[in-house]
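# Chains, contacts and geometry: an overview
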Amino acid sequence: MSHAPARPSSAERTPLHVPHHVAIIMDGNGRWAQKRGLPRIEGHRRGVETVRTTTFAARDLGVKMLTLYAFSVENWKRPQDEVGALMGLLEYYLKKELATFVRDRVRLRTIGRTEEMPAGIQKLLRATIEETKEFTDYTLVLALNYGSRTEVVDAARAYAAAVAAGQEKLNDGSWASFSRYLYTAEFPEPDLVIRTSGENRISNFLLLQAAYAEFVFTPVLWPDFTKADLAAAIAEFNRRERRFGLTSEQLKPAAAAVK
Ligand code: IPE
Ligand code: IPE
Ligand code: MG
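Here we summarise the structure given alongside this text. Just so we're clear, the structure is a prediction, and the values are computed from it rather than from any experiment.

## Some thoughts on unusual backbone geometry
- You will see that R105, though not glycine, has its phi angle at about 55°, which is positive.
- Positive phi, normally seen in glycine, also occurs at L206, with a value near 45°.
- Along the chain, the position of L206 falls in the loop between β5 (192–195) and β6 (214–217).
- Judged by relative accessible area, which is 2%, L206 ranks as buried.

Listed below in structure tokens is the structure:
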């Protein structure tokens, strides 16, 4: 019997830096269905399954916060039957997942104008958020009726009200104080933003918060997105150098010193 040590996996040789917060623009449900001659809603139904698998895949890979773009403010303009079906699916998902979130210790939070969502969904969201609030190790954030522009408008309005009430001083205004009025006030910024389906755009998602995020665009349609695709995006994230406005040399002072 050989006692030679097992060849280290590539992950052991160069430990992956796992992004703390991953945000995903889940796109391509409609095309997934159309390719198969199925109604678009069938793609959304499969997309919900991918939400479920990705929630746990991300945690397995070491991610601490996962934000999923589930419904944009612009999505209300889709045909009424599709909007109705999406709301029905969301309700079904929330009802089914509550027990799983509690069992598997997933904290649920939302961003967006959820007060404009159907009353039944709001009730389920409130209950789920309340019942999972202690599970701070891993957080799933659903972006629902979310849009960056409405977020800025809402934040500006709340900020102005705080200035009027004397709680903020206009002259001291800084990003640090203003960003406390965004929906994401208590969340760290996303490190990695992934968009599926081959579209290379942001579609009004986390425009301010992703100011220094890395972007990975994949042609995979959301219902086909797997843990391996997520791992590949994280590997790609590891090949990037985030400079935050600095130079490479500033980021590697030790390496620069020996030159
Ligand atoms: C993403 O899939 C789900 C939502 C936007 C709710 P789409 O429904 O946008 O799928 P495509 O882009 O039409 O393929
Ligand atoms: C972005 O996808 C919104 C969500 C994923 C919820 P869309 O399909 O709505 O975006 P566009 O219309 O292609 O930009
Ligand atoms: Mg789309």
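Resuming the write-up.
## So, the layout of surface pockets
- The volume enclosed by the largest pocket comes to roughly 720 Å³.
- In terms of lining residues, the largest pocket is bounded by 32 residues, among which M26, N29, Y69, A70 and N75 are the most central.
- At the level of secondary structure, the elements contributing two or more residues to the lining of the largest pocket comprise α2 (29–35), α3 (40–61), β2 (65–72), α4 (80–103) and β4 (139–146).
- Among the residues making up the lining of the largest pocket, the classes are represented as 15 nonpolar, nine polar and eight charged.
- Quantified by volume, the second largest pocket comes out at close to 180 Å³.

## Topic: the site of ligand 1
- Residues in close proximity to ligand 1 include M26, D27, G28, N29, G30, R31, R40, H44, A70, N75 and R78, which together make up its full environment.
- In this structure, D27 approaches ligand 1 through a side-chain N or O atom, which is 2.8 Å from an oxygen atom.
- In the environment of ligand 1, an oxygen atom lies 3.1 Å from a nitrogen or oxygen atom belonging to the backbone of N29.
- Given that more than half its atoms are within 2 Å of the pocket grid, ligand 1 belongs to the largest pocket.
- Elements with a minimum of two residues in the shell around ligand 1: α2 and α3.
- It is α2 that provides the largest number of residues to the shell around ligand 1, a total of three residues.
- Broken down by class, the residue content of the shell around ligand 1 amounts to two nonpolar, five polar and four charged.

The rules behind these values
Throughout this description, residue numbers start from 1 for each chain and increase along the sequence as written. Chain letters start at A and ligand numbers start at 1, both assigned in the order the entries are written. In view of the model being predicted, local features appear only for residues whose pLDDT reaches at least 70, and side-chain atom pairs are presented and counted only at 80 or more, with totals across whole chains, interfaces and linings using the full set of residues. Excluding hydrogens and water, the side-chain values take into account all heavy atoms of the structure. Put simply, DSSP marks the helices as runs of H or I at least four residues long and the strands as runs of E at least two long, and each gets a number from the N terminus on. Only protein chains enter the accessibility calculation, which uses a 1.4 Å probe; a residue is then buried when its area is under 20% of its type maximum, exposed when over 50%, and partly exposed in between. Think of a 1 Å grid over the protein atoms and nothing else: a 1.4 Å probe that fits but is trapped marks a cavity, an open set flanked by protein within 12 Å on at least five of seven lines marks a pocket, and residues with an atom within 4 Å of a point count as lining. Grid points are joined across faces, edges and corners, and a volume is the space filled by probe spheres set on the points. All residues other than Ala, Val, Leu, Ile, Met, Phe, Trp, Tyr, Cys, Pro, Asp, Glu, Lys and Arg, Gly among them, are scored as polar; the first ten of these are nonpolar and the last four charged. The rule for a residue being near a molecule or strand is that one of its heavy atoms must lie within 4 Å of it. Polar contacts here mean pairs of N or O atoms no more than 3.5 Å apart (in protein, one a potential hydrogen donor and the other a potential acceptor; neighbouring residues in sequence count only if both atoms are side-chain atoms). Think of it this way: if more than half of a molecule's atoms are within 2 Å of a pocket's grid points, that molecule is in the pocket or cavity.

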